[in-house]
Structures are given as structure tokens and as C-alpha cells.
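These are the residues of each chain, in order.
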Amino acid sequence: MGKQRPTFQRPGCNDSEAAICGGDNCCNSHAGQRTNKKIQNDSSIPRELDNDQIKELVIIGAGPHGLALLLRLLEPKADFLSDKERHRQAEHRDRMKPDRDVVQHIKKLTRAAGSKKRQSKNMNKRKNDYAVKAVPPPLSLDEVLSSVLVVDKCGPGWLSCWNDNFRYINIPHLRSLFNAHLDPFDHRSLEFYAEYNQRGEELVTLKYLTQRNHEFTGPYQAPTTKLFNDFHQLLTKGYGIDDIVRTGEVLSISPTQSDDSEPIFEVEIAWGKGGTNDHVDTKIVKAKRVVSAMGPVFRDQEFYWEQNLVKKLQSVSEHILRPHQIVPFLKQSQEESGQGFPESLLIVGGGITSTQLALSAAKSGSEVMLIQRSKMLPRHFDIENKWMGPKRGVLLDGFWSLDVNDRAVLLKEARRGGSVPPEILEKLLRYPKLQVKEEVEISEVEIEEQDNKLRVFLDDGSEFLPDMIWLATGSENHLDNYEALSSLREILPVGTVNGLPVLNEDLSWKAPQGEGGRNEPQWMTVARERFWCMGALAALELGPDSLNLVGARSGSVKVAEAVRRDFWGKARDA
């Protein structure tokens, strides 16, 4: 019999199985072992990395996908169901966890979030409980705090980019329904949280989504932004991981062979806000496993009408903002002057971001024109309704039965580009200073030297004089856009279809078929098994909603099980 996995239990913890420590008197203080919230030295490199420890796991990205993964690694009673199993379970209440268990879970979260003490787990006591289960045991909180690094360029907290986008674009409620969230315990947790805190009115009924048909039967409520954010703040505090995200930008990932023939990933990181633009503090962190949970990376699209402006303007960015520049501009403007929008504004784009920006600008008193090159696509979700309903599991079975080329075609058909919920389209008609033009594009742009305004000529013959042009346009997500993965791809090539990597079923880095995927050394094969992708890059395995909250949940189920299994196997072998 192999050696037992090392334990990290804090003495005095009474609840060895709970993922959350629910009381002030349950555990001894963890204050002396906590990672520092603020770096006190002159360097922007986190002080806990000074010892050059090899990390068990590096998670790149502290958005919904990274958070969903870490919570599922921690929770002993996590939901590891497939989407089909989850929907089938929801149709029979006697197959679900008892309501009292979900309520107790919310209460434990609430107590733990108010406590200054953290809990670790007793692995010896948990081992027998999990010996007969298919899913390996969870990681303890001590293991996470000591050997897992989470890095995000928006940091330092969880969901920083997500929160900024919702706040400064003024999105009042989510597009996803209330059963799409990141709590691994139960898909009903957010609903129970709202009821427990008497905030049921913050589950917004989608009045245009009331039909019941063979494609979709509900529920038809979405959480407000504040309810969703409060719930997930409770999760990070309750599980004791609220302050573990470090601010930095991953520059490269290079797998190498260690002295014991095991793969080691050398992750080069530029630390601090702004990444390489503002900081020179870089450090290579070594890790046994890496998960890419980055959001989509889009390349700026250059328009032919910009060429004349480049010749006349020293800085085009004073007048034209790209998609990734809009929220930082709003944030800085509101913090400095309290007003984020210019007096007149042309917004280009046909999705929910462009329409929300147009509404917010019109509410602030700006004169706004919103144009798009196609007809607006009214749709409740950014994919077809049927993918959000009870038939999702059946649809995924059909998706997985296809080869990767046909999957790529289906992905494009299911998403169909930008779309706008019907309730937002209705609001666009309320503001007289907001013009909406469909099937229109910019043909030429000139600069008015007297007042520094732009004169925009549209291909329908009309003109508009905005102070700024905001390009809230979409773009194809492509693996080539992820510069941080360039070194990885040189050492461990991967096949692609339409710019998406072809991954293994557990979302690990698959060897390409044919030449380049044969006769690799064993350490390279193992390295592939220990690098995973979540989010948009996992679309060929997860389906059309891989980027969404539902995709964060389904992706975390696959990756968390694989990480647990590998982590547990390594500890057992040791």
C-alpha cells in the first residue's frame, strides 16, 4: 500500500468534511499563514514567490472560468454531473440534494464570510469517504494557499474585468439565467441565496421569454448584476480564497523536463497592473500543472477609412476607441470627472455591448448614433434558446458525435454573431437623441480642424459629427491571438480548426494527428496531460456556450476532475 498523501489540517477544526469553516470557534487562527493582501516591498512581484517554490498549479485568469475551477477543486460535495444528468436530475426533485442541505450550505457560506479565520481539511478522515467514489478527493484550503497561484492581468480580486465591464457599461442584470453560476455545490444555490436573504425581487423575470415549447421550458429569471456579484463575493470569502489572486500578465509558458524526468512549466509573468507596459518586474514561476482560463483575445481590426486620420492626427486613440479600450476609458473618465461619455458619440456594433453603451450614453445626455452593418438579431441569449433548455444534453451528444470540422460549422451557426435581447431593443426607442441605423457602414471620416470634431460619412449618404467613434465590434477568437501560448505551441504543437485548438475530452492539450504528434518523449506526453484550456478556446469540446457561465461550469467539471485525479495520483505515488 502506497504512502498516504500529506495532510495539512489545522489543529482544532471540528468539521473535517466541510469545504467551509462556519464558526469563529471552529478553527485556530490562520493569520500567520495567510498570503499577503498588499505587497509591502518595492517590487511588484508577490513576496510569497521569493522562495522559488514549484507550484502544484497555476491558473491563468481570475474570471468566471478560473473561479469555477478553483471552487470545484475545493468543494468535497461538488456537483460533477454532466449537463444531461443535471437536467434529468432537475426533473425529479427526489434525485436532487435536499433543500435543507442547500440552505445549510448558504448559511455556512454566510458564517464563514463573516469570520476572519480559515479552515483546512483532514485528508485522513476524508479518504475513506471518497474511496468508493469516481471523483478523487478535493484539495484542502492549505494546499491551495501554499501551492496554487492564480494570476490575472486585471487583478487583484476575482472577476475584476467582469465587474468593471458590468459596472461601466451599466448592465443591470445578467443575460444568463439564475441557475447559471459558479457555486460547485448545487445549481440552485443562487436561487436559495436570494430567498435566504429576502432578495427574491432581484431575480428578474424576462417578460419576452414566456413561451413553453419543445425547445425551452424555463425558468425565465435572471439575477441582477448586484445579486450575482454579492453571491460570488460570498463564495470567495466563504471558501477562504478572496485574496489569493495576484495581478500580473503571463508572457509565455514553456514546458521543460525536470531532473526526475517529470515535466515542469516555466511561466513567465510580468507583475502588476498594466503588465509589460508599466512594469519591468518579471519572474518565471515553475509549476507542475497549468490551466489557461483566459478570456477571449481579439486582434484589433483596421478599417480602410482610418488611413486618412492617421496622417492628420498625432493620436487616433483620442477620437477612436477599440473594444478593449472602451471600459478603461469610461473608468478613468468617471473617476476623474464623473462623466464618462462625450457630448456626441458614434458607436459601431450590433451586439449587447454596443446597445448597452448606446443606452448609457443617451441616458447621460449624449447625442448618440448606433450603426451596424447587418440587421439587428433579437435573441434572449447569445446562442439559440434550445442550447439553454432541457434538451441541451441531447444537443451536446449530437455535437460530440461530429468530427471537429463539423463541430466548428455548428459553433458558427449556433452563435451567429452579435445579438440583442428584446427588452433592450425596446429601450432603444425611448431616447430622441439616440439614432439607430441598420445595414450601414462608415465610408469615410474627416477631421474638422476648427472644433476638432470628426465628420463621418456613411454609405447611406448621411453624415454625423461625433466627438468620438467607439468600435464595439466583435471579432473571431483565434489561437494565434494568444501570445502567451506561443512558446507552448512551439514545444507542444496542437491541431487547430478555424483558429480553435483541438483538445482532449478533459480539455487537456492534445497531440496533433499525423506528423508532429508521434514519437514524443514521455515527459512531453505527460506535459500535454497537465495543461488545460477553459473558456472560448475549449469550444470544440464544450460546445457553443463554452465562453458563457454554463461553459464555465461544464469546463470546470472536466478540468477539476482531471486535476484532482492527477494531484491525488502524484501524492499517492510520493
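Every chain is numbered on its own, with residues counted from 1 as its sequence reads. Since the coordinates come from a predicted model, pLDDT governs what is reported: local features require at least 70, and pairs of side-chain atoms require 80 or more to be given and counted, while whole-chain, interface and lining totals use all residues. With hydrogens and water excluded, all non-hydrogen atoms of the structure serve as input to the side-chain values.

A. Highlighting unusual backbone geometry. The phi dihedral of Glu439 is positive, around 55°, even though this residue is not glycine. In DSSP terms, a helix is any run of H or I states spanning at least four residues, a strand is any run of E spanning at least two, and both are numbered starting from the N terminus. Within the secondary structure, Glu439 sits in the loop between strand 12 (434-437) and strand 13 (442-447). Phi at Leu507 takes a positive value of approximately 75°, unusual for a residue other than glycine. By the secondary structure assignment, Leu507 is in the loop between strand 18 (500-501) and helix 16 (522-529).

B. Molecular detail of the pairing of strand 16 (residues 468-471). The classification of residues rests on relative accessible area computed with a 1.4 Å probe and restricted to protein chains. Under 20% of the type maximum is buried, over 50% is exposed, and intermediate values are partly exposed. By the alternation rule, side chains of strand 16 split into Met468 and Trp470 and Ile469 and Leu471, which are all buried. Here two bridges tie strand 9 (residues 320-321) to strand 16, and the two strands are oriented parallel to one another. Its bridge partner being in strand 16, Ile320 is matched across the sheet by Ile469. A pair of strands is treated as paired once DSSP finds two or more bridges between them. Of the strand pairs in this sheet, strand 10 (residues 344-348) and strand 16 are connected by four bridges, and their pairing is parallel. Note that in strand 16 the partner of Ile347 across the bridge is Trp470.

C. Summary view of the environment of Cys161. Tracing the sequence through the fold places Cys161 in helix 6 (residues 160-169). Relative accessible area serves as the criterion here: at 33%, Cys161 is assigned to the partly exposed category. For the pair Cys161 and Gly61, spaced 100 residues apart in sequence, the C-alpha to C-alpha distance is 10.0 Å.

D. Local environment of the pattern of salt bridges. Definition used for salt bridges: Asp or Glu carboxyl oxygen within 4 Å of a side-chain nitrogen of Lys or Arg. Across all of its chains, the model carries 23 salt bridges by this definition. For the salt bridge of Asp99 with Arg188, the shortest nitrogen-to-oxygen distance reads 2.9 Å. One end of the pair, Asp99, is in helix 3 (residues 99-114); the other, Arg188, is in the loop between helix 6 and helix 7 (189-196), and 89 residues separate them in sequence. The shortest N-O distance in the salt bridge between Asp382 and Arg415 comes to 3.0 Å. Remark: Arg415 occurs in helix 13 (residues 404-415) and Asp382 occurs in the loop between strand 11 (367-371) and helix 12 (392-400); sequence separation between them is 33 residues. Linked through salt bridges whose partners overlap, the residues forming this network are Glu56, Glu262, Lys288, Arg289, Arg530 and Asp566.

E. The sheet that holds strand 8 (residues 290-292), seen in detail. Taken together, the seven strands give an open sheet; going across it, the order is 7-6-5-2-1-8-19, and neighbouring strands pair in mixed fashion. Only two strands of the sheet have a single partner each, and these edge strands are strand 7 (282-287) and strand 19 (531-533). Recorded for the sheet is a direction-independent mean angle of 30° between the axes of neighbouring strands. Relative to strand 2 (residues 148-152), strand 1 (residues 57-60) runs parallel, the two being bridged by four bridges. Convention adopted: a line fitted to C-alpha atoms gives each axis, helices being fitted over their contacting stretch, and angles between N-to-C directions are expressed from 0 to 180 degrees.

F. Region of interest: the packing of helix 7 against helix 8 (residues 225-238). Taken N-terminus to C-terminus, the directions of helix 7 and helix 8 make an angle of 100°; their axes are 11 Å apart at the nearest point. Viewed along their axes, helix 7 and helix 8 adopt a mutual orientation that is roughly perpendicular. Only Leu227, Phe228, Asp230, Phe231 and Leu234 of helix 8 make contact with helix 7, whose side of the interface consists of Ser189, Leu190, Tyr193 and Ala194. Looking at the contact of helix 7 with helix 8 residue by residue, the classes come out as seven nonpolar, one polar and one charged. Here the angle decides the label: under 35 degrees means roughly parallel, over 145 means roughly antiparallel, 65 to 115 means roughly perpendicular, and every other value means oblique. The contact criterion used throughout is that any non-hydrogen atoms of two residues lie within 4.5 Å. Here the term charged refers only to Asp, Glu, Lys and Arg, the term nonpolar to Ala, Val, Leu, Ile, Met, Phe, Trp, Tyr, Cys and Pro, and the term polar to all other amino acids, Gly among them.

G. Region of the structure containing the nonpolar core. For the purposes of this section, nonpolar cores are sets of buried Ala, Val, Leu, Ile, Met, Phe, Trp, Tyr and Cys residues that join through side-chain atoms within 4.5 Å. Among the nonpolar cores identified, the biggest contains 137 residues, and Leu70, Trp158, Ile241 and Trp470 are the most heavily contacted of them. With nine residues, helix 18 (residues 549-573) is the largest single contributor of residues to this core.

H. Highlighting the packing of helix 6 against helix 10 (residues 323-337). At a minimum axis separation of 10 Å, helix 6 and helix 10 run at an interaxial angle of 65°. Considering the relative orientation of helix 6 and helix 10, their crossing is left-handed. Residues Asp164, Asn165, Tyr168 and Ile169 of helix 6 touch helix 10, and the partners they reach there are Val327, Leu330, Lys331, Gln334 and Glu335. Taken together, the residues of the contact of helix 6 with helix 10 break down into four nonpolar, two polar and three charged. Two helices cross in a left-handed way if the nearer one is turned anticlockwise from the farther one by less than a right angle. They cross in a right-handed way if the turn is clockwise.

I. Summary view of the packing of aromatic side chains. Aromatic contacts are taken between Phe, Tyr and Trp rings whose centres are within 6.5 Å, Trp giving its six-membered ring; a plane angle under 30 degrees counts as stacked, one over 60 as edge-to-face, and the others as tilted. Throughout the structure, instances matching the rule amount to eight aromatic pairs. Between the aromatic rings of Trp509 and Phe531, the centroid separation amounts to 5.3 Å while the plane-to-plane angle is 85°, which identifies the pairing as edge-to-face. Placement of the pair is Trp509 in the loop between strand 18 and helix 16 and Phe531 in strand 19, with a sequence separation of 22 residues. Of the two residues examined, Trp509 and Phe531, each falls in the buried class. Pairwise contacts between aromatic rings join Trp162, Phe166 and Phe228 into one cluster. Two conditions define a charge sitting above a ring: the NZ of Lys or the CZ of Arg must be within 6 Å of the ring centre, and it must be within 35 degrees of the ring normal. For the cation-ring pair, Arg72 lies above Phe80, with the distance from its terminal atom to the ring centre recorded as 6.0 Å. Taking NZ or CZ as reference, Arg407 lies 5.4 Å from the ring centre of Phe399, over its face.

J. Representation of the sheet that holds strand 13. Spatial ordering of the open sheet is given by 13-14-15, a layout of three strands whose pairing is antiparallel. Whereas interior strands pair on both sides, the edge strands pair on one side only; in this sheet they are strand 13 and strand 15 (463-464). Bridge count for strand 13 against strand 14 (residues 454-458) is five bridges, and the pairing is antiparallel. Each residue of the ladder has a partner; that of Glu446, found in strand 14, is Arg455.

K. The pairing of strand 1, seen in detail. Covered by surrounding structure in strand 1 are Leu57 and Ile59 together with Val58 and Ile60, the residues of both alternating faces. In this structure, strand 1 lies alongside strand 8, joined through three bridges in parallel fashion. Within strand 8, the position partnered with Val58 by the bridge is Val290.

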